[in-house]
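# Residue-level structural notes
Take a look at the letters that make up each chain.
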Amino acid sequence: DWSSDVCSSDLDDVRSTLGEYISLVNGGYTWDYQGGARAIKNAQAATEDFALRMYPEGGGLSGPINNQSAELCVAGASSLEWVPARNRRSIDRVEVVPGEEIRIRRDPGTRALVYTQVGRGEQITLDPLTYRYVAASTRGRSPYGLPLFLAALFALDRKRQLSESEQRVINLMARSALITASVPMPTPQQVGCKDERDPNYPAAIAAHMNRVADLITAGSANGLYLAPKFGEQPIEIEATPITQSVAGLSDITNSNQLRVWNALRTLPFLRGKMDSTTQALAQVVIPLVHAHAIHGQSVHAATIAYGANLNLRLLGIPATAELKFAPPRSPRSEEHTSELQSPMYLVC
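Every residue gets a number counted from 1 within its own chain, in the order that chain's sequence is written. In keeping with the predicted nature of the model, local features appear solely for residues at pLDDT of at least 70, side-chain atom pairs appear and are counted solely at 80 or more, and the whole-chain, interface and lining totals rest on all residues. The side-chain figures draw on all heavy atoms in the structure; neither hydrogens nor water molecules are used.

## Things to note about the overall build of the protein
Each helix is a run of DSSP H or I of at least 4 residues and each strand a run of E of at least 2, with the numbering of both proceeding from the N terminus. The secondary structure content of the protein amounts to 9 helices and 10 strands. Counting across all 348 residues of the protein, residues that qualify as buried make up 36%. Carbon and sulfur atoms form 54% of the exposed surface of the protein, whose accessible area is close to 21,200 Å². Relative accessibility under 20% of the residue-type maximum defines a buried residue, over 50% an exposed one, and the middle range a partly exposed one, all with a 1.4 Å probe and only protein chains included. Where accessible areas are quoted, they stem from the Shrake-Rupley method and a 1.4 Å probe; at the residue level, only the protein chains shown are allowed to cover.

Set out below in structure tokens:
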């Protein structure tokens, strides 16, 4: 399950991009209602109560919106089950059904999609009246959602390998020298054995060599090497200078970093790389980032509003609710609007 690996990853690009995506998607929302005046008034009160009761572990209805925004990135779909109360007169709670646990098939008779949750050796067919699965995007005839971060897997794995290689080079540079030690073989008596045929002799030799290695390593940080002398045979230590360079590594790392950002649908200046970004370029490309967020909002509008309307149906309120998200705000658009409203732009 690669989605859990991405979620638990310590890669800064994934965490920060995911946080920005959630912030852009869930920048606030309102409800619009359709129905008679009395029904709308009752629907408003019922939906306000619905929003407060749902997903208490996430602080209300914003909780599942944030949760499902992350699911779009790593699982490719919003997957929620709205659980009715025991008396079937309202929605009691919402349950997040991980998208990776869902298996989808098409009913041969009705051609309707059938959703089955698979986990811990059992399969549960989910009721289409209470369960909603909305994919961010699909491919071909497959009904499964494509994770937004799917394209980043190879580049992220390569970044991990490059980071490990870079750390090894840094560690070698810190040591500055490669130490070679020639250790004489101790006699059986020196390691507490009777003779060379003693079954404990090989293990005693290995333990002795490890002790010598630990002794040399312990003193290497201060440039001091100590070793015992066995009779007339001393331990010979030779230091070979190491010259390491990271030249060329930055080009490889930066090239892969661009692949990571492209696959995560983020931009270099949003990740702190400001050296080649102009204001004009930012004004052109930032709407693309906002467009991805608006697409996610449309998915949530379908799944969250379904639960709110199901709650109204169970309550017997003849009205429908539509969830409308606040579009991502661009500082440039606000600046442009204020310029148009300034006296120099007013035309009588």
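## Examining the packing of aromatic side chains
What counts as a ring pair is set by centres within 6.5 Å for rings of Phe, Tyr and Trp (its six-membered ring), and what kind of pair is set by the plane angle: stacked under 30 degrees, edge-to-face over 60, tilted for all other angles. With the rule as written, the count across this model stands at 5 aromatic pairs. Their ring planes at 35° and their centres at 5.6 Å tell us that F50 and W82 sit as a pair that is tilted. Here W82 lies in strand 2 (residues 77-84) and F50 lies in helix 3 (residues 37-53), a separation of 32 residues in the sequence. Looking at F50, the relative accessible area reads 0%, which means it is buried. We classify W82 as buried; its relative accessible area is 0%. Taken together, the aromatic side chains of Y29, W31 and F325 make up a single cluster linked through ring pairs.

## Some thoughts on helix 3
To estimate the expected span of a helix, subtract one from its residue number and multiply by 1.5 Å. In this model helix 3 runs 25 Å from its N-terminal to its C-terminal C-alpha over 17 residues, within 8% of the 24 Å that 1.5 Å per residue would give. Among the residues making up helix 3, those that are buried are A39, A43, A46, T47, F50 and A51. What you see down the axis of helix 3 is that its buried residues fit within an arc of 135°, all on one side. Opposite the buried face of helix 3, by more than 90 degrees, sit the exposed residues A37, R38, K41, E48 and L52. Of the residues trailing helix 3, Y55 is marked for its positive phi of about 55°. Each C-beta atom gives one direction from the helix axis, and the arc is the one those directions make.

## Things to note about the side chain of N309
With respect to the element layout, N309 can be found in helix 8 (residues 279-315). Polar contacts involving the side chain of N309 include one to the main-chain amide nitrogen of A321, which spans 2.7 Å. Contact criterion: two residues are considered in contact whenever any of their non-hydrogen atoms come within 4.5 Å of each other. Look past the residues within four positions of N309 in its chain and what remains in contact with it is A319, T320 and A321. Two N or O atoms count as a polar contact when they lie within 3.5 Å, although within protein this holds only if one can serve as hydrogen donor and the other as acceptor, and sequence-adjacent residues are included solely when both atoms are side-chain atoms.

## A short note on the sheet that holds strand 4 (residues 102-106)
Pairs of strands are assigned from DSSP output, requiring at least two bridges between the strands. Ordered by their spatial adjacency, 3 strands build an open sheet running 4-5-6, and the pairing between neighbours is antiparallel. Strands with a single pairing partner mark the edges of an open sheet, and in this sheet they are strand 4 and strand 6 (122-125). Across the sheet, the mean angle separating the axes of adjacent strands is 30° when strand polarity is ignored. A fitted line through C-alpha atoms represents every axis, and for helices the fit uses only the stretch in contact; the resulting angles, taken between N-to-C directions, go from 0 to 180 degrees.

## A closer look at unusual backbone geometry
For residues besides glycine, phi is generally negative; the peptide bonds are generally trans as well. Phi at Y55 is positive, roughly 55°, even though this residue is not glycine. Looking at the element boundaries, Y55 is found in the loop between helix 3 and helix 4 (62-74). Overall, Y55 belongs to the buried group, its relative accessible area being 12%. For R111, which is not glycine, the phi dihedral falls at a positive 65°. Assignment of secondary structure puts R111 in the loop between strand 4 and strand 5 (113-119).

## Describing the pairing of strand 4
Note that strand 4 and strand 5 share 5 bridges and pair antiparallel. Looking at strand 5, one finds that I102 is bridged to Q117.

## Brief notes about the confidence of the model for the protein
The quantity called pLDDT is the predictor's confidence in a given residue, expressed from 0 to 100. Residues with a pLDDT of 70 or more make up 66% of the protein, whose mean pLDDT is 78. Note that pLDDT drops below 50 for residues 336-348; the model gives that stretch 4 contacts with residues more than four away or on any other chain.

## A closer look at the sheet that holds strand 3 (residues 91-96)
Taken in spatial order, the 3 strands make up an open sheet running 3-2-7, and their pairing is antiparallel. Each end of this open sheet is capped by a strand with a single partner; those strands are strand 3 and strand 7 (131-135). Each strand of the sheet is rotated relative to its neighbour by a mean of 20°, with strand direction disregarded. Here 5 bridges tie strand 2 to strand 7, and the two strands are oriented antiparallel to one another. In the sheet register, L80 faces strand 7, and the bridge partner there is R132. On the sheet, helix 4 packs against strand 2 and strand 3 and is oriented at approximately 140° with respect to strand 2.

## Considering the pattern of salt bridges
What makes a salt bridge here is a side-chain nitrogen of Lys or Arg within 4 Å of a carboxyl oxygen of Asp or Glu, nothing more. For the structure on display, the rule yields 5 salt bridges. Residue D49 is joined to R53 by a salt bridge in which the shortest nitrogen-to-oxygen separation is 2.7 Å. Here D49 pairs with R53, and both are found in helix 3, just 4 residues apart, close to one helical turn. Here D49 falls in the partly exposed class, since its relative accessible area comes to 39%. Judged by its relative accessible area of 31%, R53 falls in the partly exposed class. Put simply, R197 and D195 hold a salt bridge, and the shortest N to O gap is 3.9 Å. Here R197 falls in the exposed class, since its relative accessible area comes to 75%. Judged by its relative accessible area of 30%, D195 falls in the partly exposed class. Put simply, D92, R93 and E95 are held in one network by salt bridges that share partners.

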